[in-house]
There are 2 protein chains.
Amino acid sequence: MATERPDLAAMLYPLVRELIALELPVLAAHDVSMWGYSVLTALDDTPVRTQAALAEAIGADKSRIIGTLDELQQAGLIERTPDPADRRARLLSITPQGRRVRRTVRKEIQAQEEQVLTSLAPADRKTFVRILQELHDAR
Amino acid sequence: MATERPDLAAMLYPLVRELIALELPVLAAHDVSMWGYSVLTALDDTPVRTQAALAEAIGADKSRIIGTLDELQQAGLIERTPDPADRRARLLSITPQGRRVRRTVRKEIQAQEEQVLTSLAPADRKTFVRILQELHDAR
DNA sequence: TATTGTTATACTCTATAACTATA
DNA sequence: TATAGTTATAGAGTATAACAATA
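Residues numbered from 1 in each chain as written. Chains lettered and ligands numbered in written order. Predicted model: local features only at pLDDT ≥ 70, side-chain atom pairs only at ≥ 80, totals over all residues. Heavy atoms only, no water.

Under an unreviewed UniProt entry, the name given to chain A is MarR family transcriptional regulator, and the organism recorded is Kribbella sindirgiensis.

## Thoughts on the overall build of chain A
Our working rule: Under the DSSP-based scheme used, a helix requires at least four consecutive residues in state H or I and a strand at least two consecutive residues in state E, with every element numbered from the N terminus. In what follows, a contact means two residues having at least one pair of non-hydrogen atoms within 4.5 Å. Only the protein chains shown count as cover for residues, and the accessible areas themselves come from Shrake-Rupley with a 1.4 Å probe. We count Lys and Arg on the positive side and Asp and Glu on the negative side, and we leave His and both chain ends out. Note on charges: their place is set at NZ of Lys, CZ of Arg, CG of Asp or CD of Glu.
Within chain A, the regular secondary structure consists of six helices and two strands. The secondary structure elements of chain A, listed N-terminal to C-terminal, are α-α-α-α-β-β-α-α. With the C-alpha coordinates of chain A rotated into their principal frame, the extents come out at 65 × 30 × 20 Å. A fraction of 53% describes how many contacts in chain A between residues 6 or more apart in sequence connect residues 24 or more apart. When the accessible surface of chain A is totalled, it reaches about 7700 Å², and 53% of it is carbon and sulfur. Between the centroid of the 19 positive side chains of chain A and the centroid of its 20 negative side chains there is a distance of 5 Å.

## Side note on the packing of aromatic side chains
For any pair of aromatic rings, geometry is given as the distance between the ring centres together with the angle between the planes. We apply this condition: To pair, rings of Phe, Tyr and Trp, with the six-membered ring standing in for Trp, must have centres within 6.5 Å; the planes then decide the type, stacked if under 30 degrees apart, edge-to-face if over 60, and tilted in the middle. Buried means the residue's accessible area, taken with a 1.4 Å probe over protein chains only, is under 20% of the maximum for its type, while exposed means over 50%, and partly exposed covers the values in between.
Going through the model one piece at a time under the given rule, you end up with one aromatic pair over all chains. Centre to centre, the rings of Phe 128 of chain A and Phe 128 of chain B are 5.5 Å apart; their planes meet at 0 degrees, and the pair counts as stacked. A residue pair is termed interchain when its members come from two chains, as with Phe 128 of chain A in helix H6 (residues 122-137) and Phe 128 of chain B in helix H6 (residues 122-137). Residue Phe 128 of chain A is classed as buried on the basis of its relative accessible area of 1%.

## A closer look at the nonpolar core
Just so we agree on the cut-off: Each nonpolar core is a collection of buried residues, namely Ala, Val, Leu, Ile, Met, Phe, Trp, Tyr and Cys, held together in the definition by side-chain atoms within 4.5 Å.
Formed by 30 residues in total, the largest nonpolar core has its most connected members in Phe 128 and Leu 132 of chain A together with Phe 128 and Leu 132 of chain B. Counting residues per element, the ones that place at least two in this core are helix H1 (8-29) and H6 of chain A together with helix H1 (8-29) and H6 of chain B. Each residue touching Leu 132 of chain A, except ones within four places of it in the same chain, is listed here: Leu 8, Met 11, Leu 12, Leu 15 and Phe 128 of chain B.

## Examining the protein's contact with DNA strand D
Using the following cut-off: Definition of nearness: a residue and a molecule or strand are near each other if at least one heavy atom of the residue lies within 4 Å of the molecule or strand. Each polar contact in these results corresponds to two N or O atoms within 3.5 Å; when the atoms are within protein, one needs to be able to donate a hydrogen and the other to accept it, and residues that are neighboring in sequence are counted only if both atoms are side-chain atoms.
Every one of the 17 residues lining DNA strand D counts as a neighbour, but Gln 51, Ala 52 and Arg 88 of chain A together with Arg 64 and Arg 87 of chain B are closest to it. Among all atoms of DNA strand D positioned within 4 Å of the protein, those belonging to sugar or phosphate total 68%. Measuring from a phosphate oxygen of DNA strand D, one finds a side-chain N or O atom of Gln 51 of chain A at 2.6 Å. A distance of 3.4 Å is found between a phosphate oxygen of DNA strand D and a side-chain nitrogen or oxygen belonging to Trp 35 of chain B.

## Some remarks on the pairing of strand S1 (residues 78-83) of chain A
To be explicit about the condition: Strand pairing is assigned whenever DSSP detects at least two bridges linking the two strands.
Relative to strand S2 (residues 86-94) of chain A, S1 of chain A is paired through six bridges, and the arrangement is antiparallel. Paired with Glu 79 of chain A across the strands is Ser 93 of chain A, a residue of S2 of chain A.

## Comments concerning the protein's contact with DNA strand C
Heads up, the rule is: Each residue is assigned to one class: nonpolar for Ala, Val, Leu, Ile, Met, Phe, Trp, Tyr, Cys and Pro, charged for Asp, Glu, Lys and Arg, and polar for all the others, Gly among them.
Taken together, 17 residues are adjacent to DNA strand C, and Arg 64, Arg 87 and Arg 88 of chain A together with Gln 51 and Arg 90 of chain B come closest. Restricting the count to atoms of DNA strand C within 4 Å of the protein gives a sugar and phosphate share of 67%. Contact between DNA strand C and Arg 87 of chain A: a phosphate oxygen at 3.0 Å from a main-chain N or O atom of the residue. One nitrogen or oxygen atom from the side chain of Arg 88 of chain B is found 3.1 Å from a base oxygen belonging to DNA strand C. Counting only elements with at least two residues in the surface near DNA strand C, the list comes to S2 of chain A together with helix H3 (51-57) and strand S2 (86-94) of chain B. Residues belonging to the surface near DNA strand C are distributed by class as follows: four nonpolar, four polar and nine charged.

## Section: the interface of chain A and chain B
By a frequent convention, interface size equals the accessible area lost on bringing the separate parts together. Heads up, the rule is: The term buried area means the drop in 1.4 Å probe accessible area that two parts suffer when joined, counted for both and summed. Each reported salt bridge corresponds to a side-chain nitrogen of Lys or Arg within 4 Å of a carboxyl oxygen of Asp or Glu.
Listed per partner, the contact involves 42 residues of chain A and 42 residues of chain B. Taking both partners together, chain A and chain B bury about 4200 Å²; carbon and sulfur atoms supply 63% of that area. The largest per-residue losses of area from chain A upon contact with chain B belong to Arg 5, Asp 7 and Leu 8 of chain A, which jointly make up 15% of the total buried on that side. Close ionic contact of Arg 5 of chain B with Glu 114 of chain A constitutes a salt bridge, the shortest N to O distance being 3.7 Å. At the level of elements, H1, helix H5 (96-116) and H6 of chain A are the ones that each hand at least two residues to the side of chain A that touches chain B. Element by element, the count of residues in the side of chain A that touches chain B is highest for H1 of chain A, at 13 residues. Across the side of chain A that touches chain B, the residue classes break down as 22 nonpolar, seven polar and 13 charged.

Below, the structure is given as structure tokens:
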């Protein structure tokens, strides 16, 4: 008998692909890239003192997010001001407009996501999200 | 009130990254690439009549798996013979050695995967895998 | 003319390292 | 000299389209 099941990654990977495919149109409709949305999410929780710290927080390289920050700043969604105490560093924060965009996008994305779970029984749907959140919080 | 939680993709993506990071050393130890392992898994379940069909089954482009098939064939893990009835097509099947490699790799990968779930209560661990498998079977 | 497999090309992402400006 | 940010370069992965061989 026994543990005859696909690998976790083999099951999770297609799921992630599907979720991303659902998110992209939402993000495009609001002129935000995936990395941009990730930045807005991180900054909505708490401002950050350096770009390197932000990059690490979202699992990116510091050189990789620069274009993203340029876009977000130009769109008025974030502020990037030199730290008066150390003008090498850039103080990063989300603007009220950025907050609005982030919340709107999240609402729409989470609505889409429910579709992916429709094949599950309602109880399982809640359970899955709960356990997933525990896994997420554990890292 | 309030569905205040991270997006599913935001929680699943880091999980997948971690799982892949765990798998890579196992695969490397057996000289199989990620796509190679994916091909072996697909062919272990059932042989396939064309490369295009195999590619679609594993979510890849038909041009993308050619290098992978070359490697697997040269390593004696798969067979690729022209269909006598239609010599354009290549009949694909796994060899006994390929089957052995696939099973060994899977055993080692699934052992590693348990680590990722250690933060969960044992009951939740089983529940998570069960629901995930339902989601996977539903597509 | 259509289809299978293959090769070639270009495009996107990412990682690394050089560069500048501050300290 | 060390650090934050930026820019430049190269590498990997992927998608697209052209190509050769069969049908």
